[in-house]
Amino acid sequence: MFKNLLLRDLRLAYYSSSNFIYIGSFFILVTILIPFVINTETEGLKSVFQGLIWVGLALALLLALDRIFSSDFDDGNLDIILRMKVSYEKIYLSKLLSVWITYCLPIVIIVPLISTAFNLTINETIFVTINLFCGSFGMAATAIGINALLMGLKRMIYLKSIIVIPLYIPFMIFGVEQGSWPVLSALSMIAVVVASFATSYGLRLYGE
Amino acid sequence: MDYLLAENLSCIRGSNTVFKNLSFKVSRGQILHITGANGSGKTSLLRMIAGFIYPSEGKIIPEKNYTHKDVHFVGQKYALKKNLSVEKNLSLWSYLYQKKINTDQILSDLDLTQYKDNDVEVLSDGQKRRLSIARLFIHSAPIWLLDEVHVHLDSEWQVKLNHYIYNYINEGGIVLISSNTKIELNSNIDINLTNYNV
């Protein structure tokens, strides 16, 4: 059941415009555009890039906000999903994996590939990628939890963004620090656990 | 499942009591037709039986957590992704129902073969409705819960849908169907929910 749900979400992401290529291209464009408008030296560029990665990830997840649960809620597919013999927690876990694979994995893959263009050393690239890997799960979980609670609000992506962005601040603060992956992992674990309760509660409320 | 029994069901939404003290029993091979004015609780009743809403009072027997193996709920929403083709929508359903779908056969039965590669967005409401009832044939379940499924269908397809329903109850299925307008369906039990409104 869990596998089917995950495969279905990945297939849906592939069919829709939110596939790897679109997310990857979006992220590359965001990171390439900023140095054009910010006049900065090599060292400055390096630190701007490390911050940009997190802004790019946050923007990619904000794009997903109106798709996680909301689209299935609007068109009636959520009725079918909730009648599958699968617990709310497994529905959440499948969403977490599908959102991470669709929106975060392309960025985790692209960052090491383009980091040399921003003069990051191999060591710095490894640290940045590990940070991103550890923090992205928490950010994806946060997006899912908020969306599950607010899925009934149609076309309210701005409200959802206003709620989600402040929750991303801790990830961004620690994300730009080298070697802060243990803190990011802890933040992610907290977010994943809290979001699982929020998602279960949101899905339970759905019928009402 | 030999029967579905509702005992003294009440439905309260917010501060509004939608219906109260509703009881019925539907056995295998029977159709329960639910009618009533707008807001009388037809959809709420079907969603309650499907397990989306908990009864405010009373109970539904058998008491269990209904899944796809027990009920087919076809609501007013089509459960279709409008930006995807008809074929891709069927393929997404195949994951949710965990069944391999013979797309060509289903589309041929529903007279939608020529729209296989078209986005759902370009279909008429009647065609979308036909596609949404395709779910009933993906796998078998002992109960069909059909919420205003005749809406948007032309008279020819209303008759065809009724035949599908008759075939299903002849095989021992239970059907609960709601409608706001007159449908030519020979039901065994009729409930007008307006009589149970408070």
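Residues numbered from 1 in each chain as written. Chains lettered and ligands numbered in written order. Predicted model: local features only at pLDDT ≥ 70, side-chain atom pairs only at ≥ 80, totals over all residues. Heavy atoms only, no water.

Trainee: What exactly am I supposed to notice about the overall build of chain A here?
Mentor: The helix and strand tally for chain A stands at nine helices and zero strands. Along chain A, from the amino end to the carboxyl end, the secondary structure elements read α-α-α-α-α-α-α-α-α. Compactness check: chain A gives a C-alpha radius of gyration of 17 Å against a globular reference of 17 Å for 208 residues, within 12% of the reference. Structurally, chain A occupies a C-alpha span of about 55 × 30 × 30 Å along its principal axes. Considering only residue pairs separated by 6 or more positions, chain A has 84% of its internal contacts joining residues 24 or more positions apart. Working note: accessible area of chain A is about 9500 Å², and carbon and sulfur atoms make up 72% of it. Each charge class in chain A can be summarised by its mean position, and for the 13 positive and 12 negative side chains these summaries are 11 Å apart. (Helix = DSSP H or I, 4+ residues; strand = E, 2+ residues; numbered from the N terminus. Rg over C-alpha atoms; globule rule 2.2 N^0.38 Å. Contact = heavy atoms within 4.5 Å. Areas by Shrake-Rupley, 256 points an atom, 1.4 Å probe, with all protein chains shown as cover. Lys, Arg positive; Asp, Glu negative; His and termini not counted. Charge placed at Lys NZ, Arg CZ, Asp CG, Glu CD.)

Trainee: How do you make sense of the sheet that holds strand β8 (residues 189–192) of chain B when you look at a structure like this?
Mentor: Two strands in a sheet stick together by hydrogen bonds in their backbones, pointing the same way (parallel) or opposite ways (antiparallel). All names here are of chain B. With parallel pairing, five strands are arranged side by side in an open sheet as β5-β6-β7-β3-β8. Edge positions in the sheet fall to β5 (71–74) and β8, since each of these pairs with one other strand and no more. Mean inter-strand twist for the sheet, computed between neighbouring axes without regard to direction, equals 10 degrees. (Pairing = 2+ DSSP bridges. Axes fitted to C-alpha atoms, helices over the stretch in contact; angles between N-to-C directions.)

Trainee: Can you help me understand the side chain of Asp79 of chain A in this one?
Mentor: Topologically, Asp79 of chain A is positioned in helix α5 (residues 77–82). Accessibility expressed as a relative area gives 8% for Asp79 of chain A, which makes it buried. In contact with Asp79 of chain A, not counting residues within four places along its chain, are Tyr206 of chain A together with Arg47, Phe52 and Phe73 of chain B. (Buried < 20%, exposed > 50% of the residue type's maximum accessible area, 1.4 Å probe, protein only.)

Trainee: Which parts of the structure should I look at to understand the pairing of strand β6 (residues 143–147) of chain B?
Mentor: Where a strand is regular, its side chains alternate between the two sheet faces. Residue and element names in this part refer to chain B. Across the five residues that make up β6, a large majority, five, are buried. Taking every second residue as pointing to the same face, both faces of β6 are buried, with Ile143, Leu145 and Asp147 on one and Trp144 and Leu146 on the other. Pairing of β5 with β6, which is carried by four bridges, proceeds in the parallel orientation. Within the sheet, the bridge partner assigned to Val71 lies in β6 and is Ile143. Sheet topology note: the β6/strand β7 (residues 174–178) ladder contains five bridges and is parallel. Along β7, the bridge assignment pairs Leu146 with Ile177. Each parallel crossover has a hand, and the one from β6 via helix α5 (residues 155–170) to β7 is right-handed. (Right-handed = clockwise from strand over helix to strand, strands pointing away.)

Trainee: Is there a simple way to think about the packing of helix α7 (residues 122–149) of chain A against helix α8 (residues 157–175) of chain A in this case?
Mentor: All names here are of chain A. One can describe the packing of α7 onto α8 by two numbers: an axis separation of 10 Å at closest approach and a directional angle of 165 degrees. With respect to α8, the element α7 is oriented roughly antiparallel. Read as a crossing pair, α7 and α8 show a hand that is right-handed. Side by side, α7 and α8 meet where Asn131, Gly135, Gly138, Met139, Thr142, Ala143, Ile146 and Asn147 of the first sit next to Lys160, Ile163, Val164, Leu167, Tyr168, Phe171, Phe174 and Gly175 of the second. The class makeup of the residues in the contact of α7 with α8 is nine nonpolar, six polar and one charged. (Parallel < 35°, antiparallel > 145°, perpendicular 65-115°, else oblique. Left-handed = near helix turned anticlockwise from the far one by under 90°. Nonpolar A, V, L, I, M, F, W, Y, C, P; charged D, E, K, R; others polar.)

Trainee: Looking at this structure, I do not really get the packing of aromatic side chains. What am I missing?
Mentor: For any pair of aromatic rings, the description consists of the separation of the ring centres together with the inter-plane angle of the planes. This model, assessed by the stated rule, comprises nine aromatic pairs over all chains. Pairing Trp100 of chain A with Phe137 of chain A gives two aromatic rings, centres 4.6 Å apart and planes at 5 degrees, and the pair type is stacked. Taken together, the positions of Trp100 of chain A in helix α6 (residues 88–114) and Phe137 of chain A in helix α7 put the pair 37 residues apart, joining distant regions of the chain. Relative to Tyr168 of chain B, the ring of Trp144 of chain B has its centre 3.8 Å away and its plane inclined at 5 degrees; by these criteria the two rings are stacked. Of this pair, Trp144 of chain B sits in strand β6 while Tyr168 of chain B sits in helix α5; the two residues are 24 residues apart in sequence, bridging distant segments of the chain. (Phe/Tyr/Trp six-rings, centres within 6.5 Å; stacked < 30°, edge-to-face > 60°.)

Trainee: When you look at the nonpolar core in this model, what are you seeing that I'm missing?
Mentor: Core analysis: the biggest nonpolar cluster contains 120 residues, and Phe24, Trp93 and Leu176 of chain B have the highest contact counts within it. With 12 residues, the single largest contributor to this core is α6 of chain A. Sequence-distant contacts of Phe24 of chain B, that is, excluding residues within four places in its chain, are made with Leu4, Leu5, Ala6, Leu32, Leu45, Ile49, Leu176 and Ile191 of chain B. (Core = buried A, V, L, I, M, F, W, Y, C linked by side-chain atoms within 4.5 Å.)

Trainee: I would appreciate a short explanation of the interface of chain A and chain B in the present structure.
Mentor: By a frequent convention, interface size equals the accessible area lost on bringing the separate parts together. Taken residue by residue, the interface counts 25 residues in chain A and 30 residues in chain B. For the chain A and chain B pair, buried surface summed over both sides reaches about 2500 Å², with 56% attributable to carbon and sulfur atoms. Applying the counting criterion to the chain A and chain B interface returns three salt bridges. Asp72 of chain A is the salt-bridge partner of Lys81 of chain B, the closest N and O atoms lying 2.6 Å from each other. Our enumeration of links across chain A and chain B arrives at 11 residue pairs in polar contact (both at pLDDT 80 or more). Residue assignment for the side of chain A that touches chain B shows that the elements contributing at least two residues are α1 (2–15), α4 (70–75) and α5 of chain A. Of the residues forming the side of chain A that touches chain B, the biggest block, seven residues, is contributed by α1 of chain A. (Buried area = accessible area lost by both parts, 1.4 Å probe. Salt bridge = Lys/Arg side-chain N within 4 Å of Asp/Glu carboxyl O. Polar contact = N/O pair within 3.5 Å; in protein donor to acceptor, adjacent residues only side chain to side chain.)

Trainee: I tried to follow the sheet that holds strand β2 (residues 16–27) of chain B on my own but got confused; where do I start?
Mentor: Residue and element names in this part refer to chain B. Taken in spatial order, the three strands of this open sheet run β2-β1-β4, and their pairing is antiparallel. Of all the strands in the sheet, the pair left with one neighbour each is β2 and β4 (57–61). Averaged over neighbouring strand pairs, the angle between their axes works out to 15 degrees when direction is ignored. Across four bridges, the pairing between strand β1 (residues 3–13) and β4 is antiparallel. Opposite Ala6, over in β4, you have Ile60 as the bridge partner. Along the sheet, helix α1 (residues 42–50) contacts β1, β2 and β4; its crossing angle with β1, the most-contacted strand, is approximately 120 degrees.

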